[in-house]
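Working through the structure, step by step
The chain contents come next:
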Amino acid sequence: MAIKSIDGCIGCGECVKSCPTDVIRLDPKTKKAVITYPEDCQICHLCRMNCPVDAITIDPTKSIPVVVSWG
Amino acid sequence: METRNKRPYLLIGVAVYLLIPLIYLLLADFPERTVLKNAISFLTLGAYFLMLGQFYLTRINKVTLQGNKFSSVIKKHKIIGYIFIPILILHPFLIVVPRFFESGVDPSDALKTILTTYTSSGLIVGMVAMILMICLGITSMFRAKLRLPYRTWRITHGILSILFVITATWHAIDLGRHTDIVLSIYMILLAATGIFFLLKLYIMNPQNKGGRK
Amino acid sequence: MSENEKKGLSRRQFLGLATGVVGAAALTGLGMKIRWNTKEREIDLDTFTSEETGTDVLVIGGGMAGLFASVKAHDAGAKVHLVSKGRLGSSGQTPFAKGIFVYDEKTASVTLDEFTDLVSKSAINTNNPVYTRQMAIHSKERVNELRDWGFFESPLYHKAFSKPINERNIPVSERIMITHLIKENGRIAGAAGFSIDEAKIHIFKAKSVILCTGAGGFKPNGFPICDLTHDGSIMAYKIGAKITGKEWNDGHSGSQDNPAACYDGWHGMFDRTPSVNGVEVHHDLGMDANYSAYILGNPVSSGPGSQMVEGGPYVPDGFTREMEEMGPPAIDGDQKGPKGPPPGDEDGRGAPPQNNDEGGAPPGMASAASGGASAGMAIHKSEGIVPINEKGESNIPGLYAAGDALGSHMAGGIYTQVGSSLAGSAVQGAIAAEAAAEYVKTVSLQSIPSSSVSAIKEEILAPLKRESGYTPAWVTQTLQGIMIPNFVLYIKKENLMKAALAYIEELRDHHMPMLRASNLHELRLAHETGNMIISAEMKLRASLMRTESRCSHYRLDYPDVDYDNWQAWINIYKGSDGQMKLEKQAFDAWPAQ
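All values reported here derive from a predicted model rather than from experimental measurement. (Residues numbered from 1 in each chain as written. Chains lettered and ligands numbered in written order. Predicted model: local features only at pLDDT ≥ 70, side-chain atom pairs only at ≥ 80, totals over all residues. Heavy atoms only, no water.)

A few words on the interface of chain C and chain A. In this assembly, 53 residues from chain C lie in contact with 30 residues from chain A. Each partner contributes to the roughly 3,600 Å² buried at the junction of chain C and chain A, and carbon and sulfur atoms together form 57% of this total. Of all residues in chain C, the largest losses of buried area upon contact with chain A belong to C:Arg87, C:Arg175 and C:His521, amounting jointly to 18% of the total for that side. A salt bridge links A:Arg25 to C:Asp197; the nearest nitrogen and oxygen atoms lie 3.9 Å apart. There are 22 residue pairs in polar contact (both at pLDDT 80 or more) connecting chain C and chain A. Listing elements by their share of the side of chain C that touches chain A, those giving two or more residues are helix H1 (3-28), helix H7 (262-265), helix H8 (288-296), strand S12 (369-370), helix H12 (472-483) and helix H15 (520-545) of chain C. The element that contributes the greatest number of residues to the side of chain C that touches chain A is H1(C), accounting for 4 residues. In the side of chain C that touches chain A, the residues fall into 28 nonpolar, 18 polar and 7 charged. (Contact = heavy atoms within 4.5 Å. Buried area = accessible area lost by both parts, 1.4 Å probe. Salt bridge = Lys/Arg side-chain N within 4 Å of Asp/Glu carboxyl O. Polar contact = N/O pair within 3.5 Å; in protein donor to acceptor, adjacent residues only side chain to side chain. Helix = DSSP H or I, 4+ residues; strand = E, 2+ residues; numbered from the N terminus. Nonpolar A, V, L, I, M, F, W, Y, C, P; charged D, E, K, R; others polar.)

Scanning the model with the defined rule gives 21 aromatic pairs over all chains in all. A centroid spacing of 5.4 Å and a plane angle of 70° characterise the contact between B:Tyr48 and B:Phe49, whose relative ring orientation is edge-to-face. The exposure classification of B:Tyr48 matches that of B:Phe49, with both residues buried. Against the face of C:Tyr263 rests A:Arg48, its NZ or CZ located 5.3 Å from the ring centre. One Lys or Arg, C:Arg147, reaches over the ring of C:Phe152 and ends 5.0 Å from the middle of that ring. (Phe/Tyr/Trp six-rings, centres within 6.5 Å; stacked < 30°, edge-to-face > 60°. Buried < 20%, exposed > 50% of the residue type's maximum accessible area, 1.4 Å probe, protein only. Lys NZ or Arg CZ within 6 Å of the ring centre and 35° of its normal.)

Attention now moves to unusual backbone geometry. Residues and elements named next belong to chain C. For the bond running from Asn298 to Pro299, omega is -5°, close enough to zero to count as cis. For Pro299, the location among the structural elements is in the loop between H8 and helix H9 (353-356). A positive phi angle, near 50°, is found at Asn185, a position not held by glycine. When you line up the elements, Asn185 lands in the loop between strand S5 (176-184) and strand S6 (187-195). Given the relative accessible area of 71%, Asn185 is considered exposed. A positive phi angle, close to 55°, is found at His230, a residue other than glycine. Inspection of the secondary structure assignment puts His230 in the loop between strand S7 (200-211) and helix H6 (231-238).

Glancing now at the side chain of C:Asp250. All names here are of chain C. As for its placement among the helices and strands, Asp250 is situated in the loop between strand S8 (243-244) and strand S9 (254-255). In terms of polar contacts, Asp250 uses its side chain to reach the side chain of His252, at 2.7 Å. Separated by 2.5 Å, the side chains of Asp250 and Ser374 make a polar contact.

A few words on the packing of helix H4 (residues 129-148) of chain C against helix H10 (residues 420-440) of chain C. Residues and elements named next belong to chain C. Put simply, H4 and H10 touch, their axes get as near as 8 Å, and they point 90° apart. In terms of orientation, H4 and H10 fall into the roughly perpendicular class. Between H4 and H10, the residues in contact are Tyr131, Gln134, Met135, His138, Ser139 and Arg142 and Ser420, Ala423, Gly424, Ala426, Val427, Gln428, Ala430 and Ile431, respectively. Residue composition of the contact of H4 with H10, by class: 7 nonpolar, 6 polar and 1 charged. (Axes fitted to C-alpha atoms, helices over the stretch in contact; angles between N-to-C directions. Parallel < 35°, antiparallel > 145°, perpendicular 65-115°, else oblique.)

It is worth spelling out the environment of C:Asn258 at this point. Considering the arrangement of structural elements, one finds C:Asn258 in the loop between S9 and H7. Overall, the relative accessible area of 30% leaves C:Asn258 in the partly exposed class. In this structure, the C-alpha to C-alpha distance between C:Asn258 and C:Gly222, residues 36 residues apart in sequence, is 8.4 Å. Contacts of C:Asn258, omitting those with residues within four sequence positions, involve A:Pro60 and A:Thr61.

Structure (C-alpha cells):
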C-alpha cells in the first residue's frame, strides 16, 4: 500500500520535504520519518530517491480505492 | 590429553555471533532489496556481531575456551578487530554505494546529509561509537608505543569496549534497518552478557586484574 | 419514448452510475482505515500566529516556471520572494519532466516560421502562435542556463534549482499553501496562505505576483499531479482574472495493473536525468484511446493503435499515426526514426506501459490501459490565466502567470511539440519575470486593510473551525466518481455534462462550505478540494459551450470541427453577480480589455 515501510531512518527529513503530497512527517518525539497520510501517496518514488540511506520501501498499490475512467 | 579437553569454541562462537543472526536475517520478513544492498547490510551487521564476539575471544570466556591455547584465541581476537573495525568505519560510505548504480540522490550528497544530521540521537550515538571504536583500534595497534603498563592498557581497553558496545548497540537498534524486536533483543543479550562477564572479571576477581605478567 | 423521457432517463441513469462508481469505490475500500470525519481537531486554533513579508515580486510555485521567474526577476533588479506548496524542484510536474525541447536555428530541420505553422496545423489553430514562436526562440538560452546549473546531471532537480536561487540569496518559503491573492485598488497587493508544518498564516505583500502554480487535476490515479489542483487559476479567478482552455483534456492513460502507481506506470522514466530534443511536432494525447474504450470497451490499447475504430476525433492530415510507425518510443525525445507516442515529452509522461515497452505489447496483452490517468488536467499550457499580451500579464494589473498556470495555448489544444512544455515553462517564467520587474518600478507596495486580512484569515482557517461537515477525502472521491468516468470528462455529450454539472453545483453549494479539517494536512486538502470543485464546474461549462469537436475536446453530439463558429477560445470569469461567465475570444485576438 503506497509507501510500505521506512526502515533505518536517520531523521534527516529529506523525504518529508521532497514529498509533493505531504505523506510523510517527522515524529516530533523520535525525530524519525513516519508514513502519516498514506492515502495521499501518488506512488512517485521521490521520497525513496531522495533518502540518503535508502530506507523507504514502496508498493505499487494504493491504500484507498482508485477511480479511473473505465474498468 | 590436552586435545581431549579442547572445547569447540570457534564453532560455538561462529554459530552464536554469525550464523544465528545471519539465518534470522535471511528468514525474517524484511523488504526485498538488491543483492548489493543486502550484502552491504549483512557485512555491516556481521561486523557488528563480530565486535560483540570479541568479548567471547578473551580471557573472560572461561567456559568454551577451556583447554584452548590462549595465544591462538587472542590472535583471532586481533585479526577480527583489525579487519572489521575498518569495515565499520567504512559503513556510512558503503550505505551510499548503491546510489552509484541506481537513480536518486547523488552518493556524495547522501553522505553529506548522513554526516550532518544531528537531530536524531541514533546518529550522534553512532558517531560516538565510531570514535570509541577508532580509539580501541589505535590503542591496540600502537600498544607497544604507548608504553602503558599492561594493566592500565587492559582496563582502558575494557572500559572503551564497554562504552563502544553500549553506544554501537544503541545505534544499531535505533537506526538499523534490520534491527526489529527479535534482533534487538538478541543484540542486547549478547552485549549484556559480554559486559557482565567483563565487569565480573574486574570486580569479582580483582586478583586477576594483573592478567599476564 | 419521448425526447424528454429519454433525457430524464439518461440523467437518472447517470445518477445511478455516478453513485455506483463512488459506491464501488467505497466497497473496495472496506477494511481500510478510512475514517470519514470522525477525527478530533488535532491543532489548537488559539496557537495560530501570522507573519507578514514584503517584497517586490512574489513568485508562487517552485517548478520550472517559478525557478526562472525568480531568477530573472532578481536579475532585472526586483526584490523577489519565492513561495511553494512543496519543495523547490520537487513538487508539481517539474520533477517528472525529463525531456526539454531546444530550437536551434543552426541545426533545426525547419525554420521558425515553418515550426510555428506546423504546430498551428497540428493544433487546428488552437495554439497562440505568438507563444509558440516565443518558446522556440528562447528555448536554447534557457536550456544553456539549466545546463550551467547542473540540471542535466541528476534525476532530482532540487539541487540544480537551488544553485541559482542560493547564489542570488533569493528567499524561499517552502511547504506554504497560498490560498488567496489580494487585490487592492484594482491591482495586485499580495497573497496569503498557511504553513502545513506549523500553525501560521503567511501574508505576503507584493507589488507584483507571478503565478507559477502549474496546472491541476482531480487528484487522479496514474499521473503525478495529486498536489496540483489549479490553485493559481482558482484564486486568480476569484479576484477577477480570466481563465481559458478548460474544455481541453490531457488524454494520458494508465495501466489497469496498479493504475495509481505513477512510478511503475512510466517504467523508470522518473529515474532518468533530463535530456534535450529537437523539432518533433505531433498530434498526441487526444481522445483516441478514450473514444476507442467508449466504443469497444475494455481492454483497450491507448494511443495510436486505436485507428481501427470508425469515426472518433479528427486528426489533421500528416499527423495520423500508422501502426508500422509505432515502435520503441523516443523516450528521450531526440531520437530520430520511430515515432512512438509522446513519452519522454517535456513532462516525461508518455503514454503508459504498453506503448513504452519495446515493440509495444499488443492490445489486451501485458497490462491493458486504464483511462483518466491525468483526469482534470488539460493539455500543457492550454488552460490557465488568460494572457492579455505576450508577457504572461493577466487582466489584473501586477498579476502575471507562467508555465502551466498560464493559458498561453503555446502548444494548442493538443499535444504538439515534444518537450515544449518544460521549455515553455522556463521561457515564460523568464519573460513574465522581466515584465513584472519592469512593472514594480512603476508602483508602490500597497497596504492591506486589516479588515481584509482578518477576513482572509477567517476563510483560511474555516475548515479547521467547523465542528461538523465533510472530509476533503470523501468530497474528493465523490468528485472523482462524478467527473472521471470516460463518458463524462472525455467522450462528452450535453445531457451527461448537465447531469454532472448538477452534482458539481451541489458539491459547490453544499459541500464546499462544509469542508472540515482536523489538522494542517487536511486544511490543505480542504482548500485543494474547493479548487477542484470550481475547476470541475469550469470544465463542464466550457465543454458544454464548445459545440464542436477539436483536438482534445470531443463531443459525441458535435463530432466535427466547426470552422465557422469555433475559431475561438473560451474565457471564463467571475461575473459581477458572482456567477461563472463564459465568453469567446477569437484565435487571432488578445482578450478585450
